[in-house]
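The primary structure of each chain is shown beneath.
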Amino acid sequence: WLMALAIGVSSLALTPGGAAAQQSPIIIKFSHVVTPDTPKGKGAEKFKELAEARSGGKVKVEVYPNSQLYKDKEEIEALQLGAVQMLAPALSKFGPLGAKEFEVFDLPYIFPNTEALRKVTEGPIGRSLLKKLESKGIIGLGYWDNGFKLMSANRPLLVPADFKGLKMRIQSSKVLEAQFRALGALPQVMAFSEVYQAMQTGVVDGTENTPSNQMTQKIDEVQKHTTLSNHGYIGYVVIVNKTFWEGLPTDLRPILEGAMRDATAYVNQIAQTDNANALAAMKASGKSTYHTLTPEQEAAWRKALAPMHADMGQRVGRDLIEAIHKETG
Ligand code: LMR
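Note that the coordinates shown come from a computational prediction; the quantities given were computed from them, not determined experimentally.

(A) Focus on unusual backbone geometry. A positive phi is found at Ser67, a non-glycine position, where the angle reads about 55°. Topologically, Ser67 is positioned in the loop between strand S2 (59-64) and helix H4 (72-81). Ser67 sits in the partly exposed class, given 18 other C-beta atoms within 10 Å.

As structure tokens, then:
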């Protein structure tokens, strides 16, 4: 058997990459809260595929979807502690991290379309926002799209008065809180994984989210009415623990950066279609009734929400809001 062992060892040594395969791979745990079948879920899988292939197996990416490891707030703490290495929280969830500037993306109607948004995320404003994360021990690798939001409840939401007294689930953003207060509703912060049940049991009355998130969480099953309002945007920043990222072997980091660049391009290419498909599927299933606002109704929403752009200056930075207006206007 010694002979067999010797042959075994020498054939291992002769296998190209044999030595690398012997070393245990670097593990990147990527935790997120949505299903695999969403823009973010698909982006995480794309990053895994590219990172593992291009590193020749030296990196292994373990994707944990559906809040199976951590819910919204816990995942950020886990990243800072090094229990996971990569996340892509919504821009609305950076307040607890001390990076409340990211809530500027929650301002209603701040981006007229995806092109305007892209100018911000891919220009100097987007880069300077990412830089702010470094003092928190975090590196922002790129912006991933989800899309523009729907508004839903068990009654039609056509004019601001329709929101009066409704308990609306929000992500942990002060700007979103102010948005629902401006509409006369009662905002309630809640983890994403709890939304379906909270609606089923009447803990909250309504919510806002993208078509992709509404469909994959089956929110349309528990909301009789949905308004195609496009009043706001949901997107993500992919973040990594700074100590982990900067400690990567120097040959691997550029490979992972390249894999992330390509995964980012992929997400931002599929997100709009994904959301359009989700909306079409939900409409076809007929579980919720879909409403399009008349120009007069939309004008009333805009009027109710317009003061927020001045009011939220104190929270997210007056200069930042102005810079975005300038970039997109
Ligand atoms: C939400 O909590 O509604 C979203 O941020 C979930 C997500 O990650 O898209």
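From this point, things continue past the structure.
(B) H4, seen in detail. Every buried residue of H4 is accounted for by Asp72, Glu75, Ile76 and Leu79. Along the axis of H4, the buried positions cluster into a sector of 100°, meaning they face one direction only. At its buried positions, H4 is contacted by strand S1 (26-31), strand S3 (86-87) and strand S10 (233-241). Phi turns positive, to about 85°, at Gly82, one or two residues after H4.

(C) Up close: the site of the ligand. Val33, Val34, Lys40, Ala90, Asn146, Gln171, Phe192, Asn209, Asn213 and Ile234 make up every residue found near the ligand. Here the shell around the ligand is composed, by residue class, of five nonpolar, four polar and one charged.

(D) Inspection of the environment of Met190 at higher detail. Relative to the elements of secondary structure, Met190 occurs in the loop between strand S7 (186-189) and helix H8 (195-200). Owing to 21 C-beta atoms within 10 Å, Met190 belongs among the buried residues under this scheme. Here the alpha-carbon distance between Met190 and Lys100, two residues 90 residues apart in the chain, equals 18 Å. With near-sequence residues (within four places) excluded, Met190 lies in contact with Arg169, Val195, Ala198 and Val204.

What counts, and where the lines are drawn
Residues numbered from 1 in each chain as written. Predicted model: local features only at pLDDT ≥ 70, side-chain atom pairs only at ≥ 80, totals over all residues. Helix = DSSP H or I, 4+ residues; strand = E, 2+ residues; numbered from the N terminus. Buried ≥ 20, exposed ≤ 12 C-beta atoms within 10 Å, placed from the backbone. Arc of directions from axis to C-beta. Contact = placed C-beta atoms within 7 Å. Near = placed C-beta within 6 Å. Nonpolar A, V, L, I, M, F, W, Y, C, P; charged D, E, K, R; others polar.

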